[in-house]
Amino acid sequence: MRSSSEVTVRAVGQADADDVLRLLRAFTTSHVPEPGRFTSVTFPAVLASAAAGRAEFLAAEEGGRVVGYVYAVRVPTLFAGGTVLELLELTVAADRRGRGLGSRLVRAALEAAERAADAEVCVPTRRAAAFYRRLGFTETATYLKRTPGG
């Protein structure tokens, strides 16, 4: 029998929407998630993308509750000679940080990338470069963005 404090890493499912939205609200700094749009548009689109193999959407579950997630998109590229898995979101509940859950989620995404034969895994980050370096990532580029029409 599994202990209630044991953490499992698994695919995110429809039933996880409320937990993921709660984590997303605490994670995001540049956008405020709108619950109606999240429920009707973005969450279903991300689930569909993962189901089709175009993304990895994994949850860390503890005691029947999602306490962290990683979302990464798989992009076909010319430069890498195959697909690149780009880690876009990684978050762990504040009261669960420092226990290795983020590292477990990243390792699970890396294992998925290996199974999918992705050419590389990359992550744009402002705040967590040291965390990713500890997991074997190296700095290779500067990430720039622009809002359409901006």
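In this convention, every chain numbers its residues from 1, walking through the sequence in written order. Reporting in this predicted model follows two pLDDT cut-offs: at least 70 for local features of residues, and 80 or more for side-chain atom pairs to be given and counted; totals over whole chains, interfaces and linings ignore these cut-offs and use all residues. As a convention, hydrogens and water are excluded, and side-chain values are obtained from all of the structure's heavy atoms.

Peer 1: It is not clear to me how unusual backbone geometry should be interpreted in this structure. Could you clarify?
Peer 2: For Ala117, which is not glycine, the phi torsion reads 60 degrees and is therefore positive. Overall, Ala117 belongs to the exposed group, its relative accessible area being 61%. Throughout this description, buried means an accessible area under 20% of the type-specific maximum (1.4 Å probe, protein chains only), exposed means over 50%, and partly exposed covers the range between.

Peer 1: What should I look at first to understand helix 3 (residues 101-115) in this one?
Peer 2: Owing to its 3.6 residues per turn, the α-helix aligns residues three or four sequence positions apart on the same side. Note on conventions: DSSP H or I runs of at least 4 residues are helices, E runs of at least 2 residues are strands, and numbering of each starts at the N terminus. Expected span of a helix, by definition, is 1.5 Å for each gap between consecutive residues, and there is one gap fewer than residues. Given a rise of 1.5 Å per residue, 15 residues ought to cover 21 Å, and the 21 Å separating the end C-alpha atoms of helix 3 matches this to within 8%. Buried residues belonging to helix 3 abut strand 1 (7-11), strand 2 (55-62), strand 3 (65-76), strand 4 (83-92), strand 5 (120-122) and helix 4 (129-134). Ala117 sits one or two positions beyond helix 3 and adopts a positive phi of about 60 degrees. Contact definition: two residues touch when any of their heavy atoms are within 4.5 Å.

Peer 1: Help me understand helix 2 (residues 35-51) in this model?
Peer 2: Taking 1.5 Å of rise per residue, the 17 residues of helix 2 would be expected to cover 24 Å, and the 22 Å separating its terminal C-alpha atoms lies within 8% of that figure. Throughout, the bend at a residue refers to the angle made by two axes, fitted to the seven residues ending there and to the seven starting there. In the structure, helix 2 departs most strongly from a straight axis at Thr42, where the bend amounts to approximately 35 degrees and where the proline Pro44 lies between one and four residues downstream. Within the sequence span of helix 2, burial applies to Phe38, Phe43, Val46, Leu47 and Ser49. Elements in contact with the buried residues of helix 2: helix 1 (17-27), strand 2 and strand 3. Regarding helix 2, its N-cap is Glu34, as a side-chain oxygen of that residue lies 2.9 Å from the backbone nitrogen of Gly36 further along. Backbone geometry just after helix 2 places Gly53 at a positive phi near 85 degrees. Pairs of N or O atoms are called polar contacts if they sit within 3.5 Å, as long as, within protein, a hydrogen donor faces a hydrogen acceptor (for residues adjacent in sequence, only side-chain-to-side-chain pairs).

Peer 1: Is there a simple way to explain a positive patch on the surface in this structure?
Peer 2: Residues enter patches when their relative accessible area tops 30% and they take part in no salt bridge; the joining distance is 9 Å for like charges and 5 Å for the nonpolar side chains Val, Leu, Ile, Met, Phe, Trp and Tyr. To measure how exposed things are, a 1.4 Å probe is used in the Shrake-Rupley method; for residues, cover is taken only from the protein chains shown. Should a side-chain nitrogen of Lys or Arg be within 4 Å of a carboxyl oxygen of Asp or Glu, the pair is scored as a salt bridge. We score Asp and Glu as negative and Lys and Arg as positive, and we do not count His or the chain ends. The atoms used to mark charge sites are NZ of Lys, CZ of Arg, CG of Asp and CD of Glu. Together, Arg97, Arg126, Arg127 and Lys145 give the surface a local cluster of positive charge. Note on placement: Arg127 falls in the loop between strand 5 and helix 4.

Peer 1: Is there a simple way to think about the pattern of salt bridges in this case?
Peer 2: Side chains that differ in charge, positive against negative, can pair when their charged atoms come close. Scanning all chains against the criterion turns up eight salt bridges. With a closest N to O distance of 3.2 Å, Asp19 and Arg22 form a salt bridge. Here Asp19 and its partner Arg22 are both found in helix 1, three residues apart, which amounts to about one turn of the helix. Residue Asp19 is classed as buried on the basis of its relative accessible area, which comes to 18%. Relative accessible area serves as the criterion here: at 30%, Arg22 is assigned to the partly exposed category. A salt bridge links Arg133 to Glu139; the nearest nitrogen and oxygen atoms lie 2.6 Å apart. Of the residues examined, Arg133 reaches a relative accessible area of 43% and is grouped as partly exposed. Among the ionic contacts, a cluster of salt bridges with common partners joins Arg10, Asp16 and Glu61.

Peer 1: Explain the nonpolar core to me, please; I cannot follow it from the model alone.
Peer 2: One recurring pattern in soluble globular proteins is that nonpolar side chains are buried together. For our purposes a nonpolar core is just a set of buried Ala, Val, Leu, Ile, Met, Phe, Trp, Tyr and Cys residues, chained together by side-chain atoms within 4.5 Å. Residues Val70, Leu87, Leu90, Leu105, Val106 and Tyr132 are the most contacted members of the largest nonpolar core, which totals 20 residues. Among the elements of the structure, strand 2, strand 3, strand 4, helix 3 and helix 4 are those that each provide at least two residues to this core. Ranked by the residues each element gives to this core, the list is headed by helix 3, at six residues. Not counting residues up to four positions away in its chain, the partners in contact with Leu90 are Phe27, Tyr69, Val70, Gly102, Leu105, Val106, Phe131 and Tyr132. Core analysis: the second largest hydrophobic core is formed by 18 residues, Ala17, Leu24, Phe43 and Val73 among them.

Peer 1: What is the right way to read the packing of aromatic side chains from this model?
Peer 2: Here the distance between the centres and the angle between the planes together describe a pair of aromatic rings. Aromatic contacts are taken between Phe, Tyr and Trp rings whose centres are within 6.5 Å, Trp giving its six-membered ring; a plane angle under 30 degrees counts as stacked, one over 60 as edge-to-face, and the others as tilted. By the definition in use, this model includes six aromatic pairs. Arranged with centres 5.9 Å apart and planes meeting at 70 degrees, the rings of Phe43 and Phe57 form a pair that is edge-to-face. Here Phe57 lies in strand 2 and Phe43 lies in helix 2, a separation of 14 residues in the sequence. For the residue pair Phe43 and Phe57, the accessibility class agrees, reading buried in each case. Ring pairs connect the aromatic residues Phe38, Phe43, Phe57, Tyr69 and Tyr71, which therefore count as one cluster.

The values reported here are purely geometric and, on their own, carry no functional implication.
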